[in-house]
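Per-entry structural report
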Amino acid sequence: EPEVTQTPSHQVTQMGQEVILRCVPISNHLYFYWYRQILGQKVEFLVSFYNNEISEKSEIFDDQFSVERPDGSNFTLKIRSTKLEDSAMYFCASSEGFVTGELFFGEGSRLTVL
Amino acid sequence: KQEVTQIPAALSVPEGENLVLNCSFTDSAIYNLQWFRQDPGKGLTSLLLIQSSQREQTSGRLNASLDKSSGRSTLYIAASQPGDSATYLCAVLTSGTYKYIFGTGTRLKVLA
């Protein structure tokens, strides 16, 4: 069964370092998302992406965040200068259609900022 | 601004019980609503997707209903099993937006 895959599963970094989280969405999917979940809290929207453009981004998604689909299969989230409060589980998701498509999530990348 | 609430926050039931999880949303102009399951430390697994024009969807022992006008959805789990123990999340895609808003979840424990 097709699945969304994310790497790394866990990354530990020092405050101020750049981090890139990688996702491979399901191959025929067109809509891509990043969400995050701080331990014990709600799943929060970061950004949605379609046709090589950001469709919508949240207030959390400030200038230190960026997304890219560099090669037609990967979908990356870059955090330029990590802060302690960026420690969270980051989830990538994709769907085939926008309104009609079921949203499928990866297993997540746990980011720990020291 | 869309807000999604789930009640109860936690639920503990004996095996075999039928149970209902609730999801409320403040803006009824939605494209669809999706129910997910999350096991501890894991990703989200899609359970059911209900389009705004639909009233319910069924998959095995799960049945989800949608009452858009009242801003409510329920997830019915029949004959619960210990393997159903997880956190259940609902998420709403509001019209005019490109983001799903998640509820706080219901943590379910089914006792053997």
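What counts, and where the lines are drawn
- Along each chain, the written sequence defines residue order, and numbers are assigned to residues from 1.
- Note on labels: chains are lettered from A, ligands numbered from 1, in written order.
- Reporting in this predicted model follows two pLDDT cut-offs: at least 70 for local features of residues, and 80 or more for side-chain atom pairs to be given and counted; totals over whole chains, interfaces and linings ignore these cut-offs and use all residues.
- Hydrogen atoms and water are omitted, and side-chain values are computed over all heavy atoms in the structure.
- When two cysteine sulfur atoms lie within 2.5 Å, the pair is treated as a disulfide.
- Helix and strand definitions here come from DSSP, where helices need a minimum of 4 consecutive H or I residues and strands a minimum of 2 consecutive E residues; each element is numbered from the N-terminal end.
- Think of it in three bands: residues with accessible area under 20% of the maximum for their type are buried, residues over 50% are exposed, and the middle band is partly exposed, with areas taken using a 1.4 Å probe on protein chains only.
- What is meant by a nonpolar core is a set of buried Ala, Val, Leu, Ile, Met, Phe, Trp, Tyr and Cys residues, joined one to another through side-chain atoms within 4.5 Å.
- Two residues qualify as a contact provided that any one of their heavy atoms is within 4.5 Å of a heavy atom in the partner residue.
- Buried area: the accessible area, evaluated with a 1.4 Å probe, that two parts lose upon being put together, summed over both parts.
- For this analysis, a salt bridge means a side-chain nitrogen from Lys or Arg found within 4 Å of a carboxyl oxygen belonging to Asp or Glu.
- Pairing of N or O atoms within 3.5 Å defines a polar contact, subject to two protein rules: one partner must be a possible hydrogen donor and the other a possible acceptor, and residues neighboring in sequence count only if both atoms are side-chain atoms.
- Three categories are distinguished: nonpolar for Ala, Val, Leu, Ile, Met, Phe, Trp, Tyr, Cys and Pro, charged for Asp, Glu, Lys and Arg, and polar for the others, with Gly belonging to the last.

1. Topic: the state of the cysteines
In protein structure, a disulfide is the covalent linkage between the sulfur atoms of two cysteines. All names here are of chain A. For the coordinates displayed, the defined rule picks out two disulfides over all chains. The disulfide partner of Cys 23 is Cys 92, and the S-S distance across this bridge is 2.0 Å. Between Cys 23 and Cys 92, the S-S torsion sits near -65°, and that sign places the bridge as left-handed. On the criterion of sequence distance, the pair formed by Cys 23 in strand 3 (residues 19-24) and Cys 92 in strand 9 (residues 88-95) is long-range, its members being 69 residues apart. Using a relative accessible area of 0% as the deciding quantity, one classes Cys 23 as buried. Overall, the relative accessible area of 0% leaves Cys 92 in the buried class.

2. Examining the nonpolar core
Counting residues in each nonpolar core, the largest one holds 24 residues, and the members touching the most others are Leu 33, Trp 35, Leu 75, Ile 77 and Tyr 88 of chain B. Once you skip the residues sitting within four places of it in the chain, Ile 77 of chain B turns out to touch Glu 17, Asn 18, Leu 19, Leu 21, Arg 61, Leu 62, Asp 84, Tyr 88 and Leu 108 of chain B. By size, the runner-up hydrophobic cluster in this structure holds 21 residues, among which are Val 19, Phe 49, Leu 111 and Val 113 of chain A.

3. Focus on the interface of chain A and chain B
In many reports, interface size means the accessible area that the parts give up when they come together. The interface of chain A with chain B comprises 20 residues on the first partner and 22 residues on the second. Counting the surface lost from both chain A and chain B, the interface buries some 1900 Å², and carbon and sulfur atoms represent 59% of this. Taken together, the connections running from chain A to chain B amount to one salt bridge. Where Glu 56 of chain A meets Lys 99 of chain B, a salt bridge forms, and the shortest distance between an N and an O atom there is 3.3 Å. Inspection of the region where chain A meets chain B yields ten residue pairs in polar contact (both at pLDDT 80 or more). Going through the elements one at a time, strand 4 (31-37), strand 5 (43-50), strand 6 (53-57) and strand 9 of chain A are the ones with two or more residues in the side of chain A that touches chain B. Partitioning the side of chain A that touches chain B into residue classes produces ten nonpolar, six polar and four charged.

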